[in-house]
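# Structural features, examined
Residue strings, one per chain:
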Amino acid sequence: MKEEIKNLTDLQAIDLDARKIGERMAAGYGELDQKKAAIVENSKAIEEYKEQLVLGEKRRKELETLIEDEESRIKDRQTKLMNIQTNREYQSILKEIEDTKQANKQRDEELILLLEQAEAIQKRIDDLIKQSEDGETQLLAETKKIETVSAKLEAQKKKIEKTRDAQAKKVNSKYLRRYEMLRERRNGLAMAGVTKGVCLGCNMNIPPQMFNELLREDEMLSCPTCNRMMYHLPEVESEE
Ligand SMILES: [Zn+2]
């Protein structure tokens, strides 16, 4: 039984290594995905700012036309002033001219504000474009790096798979089936070490009698709590 347990724990060590490799690959590609998502977000923001620019431009054109029209109206009124008969009419037209000038002044102010806004928006767009370009460059470099690492990991994985197959053949098929089932249901950990009477798979105590049986290594014992196959794992001396 000692041999069986050793074969199983060795198998588990191989499987855990393989899992780590898989996780490292996934993490690498996950980082790339995040970077790609950031670039997509940037593009969306750029599009939104561009829409704001178009709207601002439209409003500016409206204002400019309006200002021009009103200016020619002022000129028209000024010409009219020269042929005025009554003082009342004169005052009325004078007021109209003043009001129009005042309104145009406000339009001018809005125009200046819009120009400043457009400038600020354009600056944000430029910044975002720069960010995106830098992001693309980084992404390209990281992709290459991750592809290189992945190729190495892939090779390691293949090697491990071979070792795994060889190791699995050493295990009694009855235990192998149990191992595979537990591995699936217990998050990759089918074999649990037991240190000082505690199952490290679930951190629960096992009965003292069972612990004694475990030490004898005569039969395959399962944890009464998590059902994992157990093996004795002597306490490691702390380095402190
Ligand atoms: Zn347990």
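Up top is the structure.
Everything quoted here is computed from the prediction, not taken from an experiment.

## Regarding the coordination of the zinc ion
Taken together, C199 (SG), C202 (SG), C223 (SG) and C226 (SG) make up the protein donors of the zinc ion, found 2.2 to 2.3 Å from the metal. Around the zinc ion, the 4 donor atoms sit at angles spanning 105 to 114°, and that spread fits a shape best called tetrahedral. The sequence motif formed by the donor residues of the zinc ion is C-x2-C-x20-C-x2-C. Separated by 24 residues along the polypeptide, C199 in strand β2 (residues 198-199) and C223 in the loop between α4 (208-216) and β4 (229-232) bring together distant segments of the chain. The exposure class assigned to C199 is buried, which follows from its relative accessible area of 0%. Relative accessible area serves as the criterion here: at 2%, C223 is assigned to the buried category.

## Focus on the side chain of S222
Of note, S222 is situated in the loop between α4 and β4. S222 gets classed as buried once you look at its relative accessible area, which sits at 19%. Within the structure, S222 has its side chain in polar contact with the side chain of R178 (distance 2.4 Å). If we ignore the near neighbours within four places in the chain, the residues touching S222 are R178, M210, N227, R228, M229 and M230.

Rules used in this analysis
Residues numbered from 1 in each chain as written. Predicted model: local features only at pLDDT ≥ 70, side-chain atom pairs only at ≥ 80, totals over all residues. Heavy atoms only, no water. Donors = N, O, S within 2.8 Å, 3.2 Å for Na, K, Ca; no water. Tetrahedral: all angles 85-135°; square planar, octahedral: opposite > 155°, others 65-115°. Helix = DSSP H or I, 4+ residues; strand = E, 2+ residues; numbered from the N terminus. Buried < 20%, exposed > 50% of the residue type's maximum accessible area, 1.4 Å probe, protein only. Polar contact = N/O pair within 3.5 Å; in protein donor to acceptor, adjacent residues only side chain to side chain. Contact = heavy atoms within 4.5 Å.

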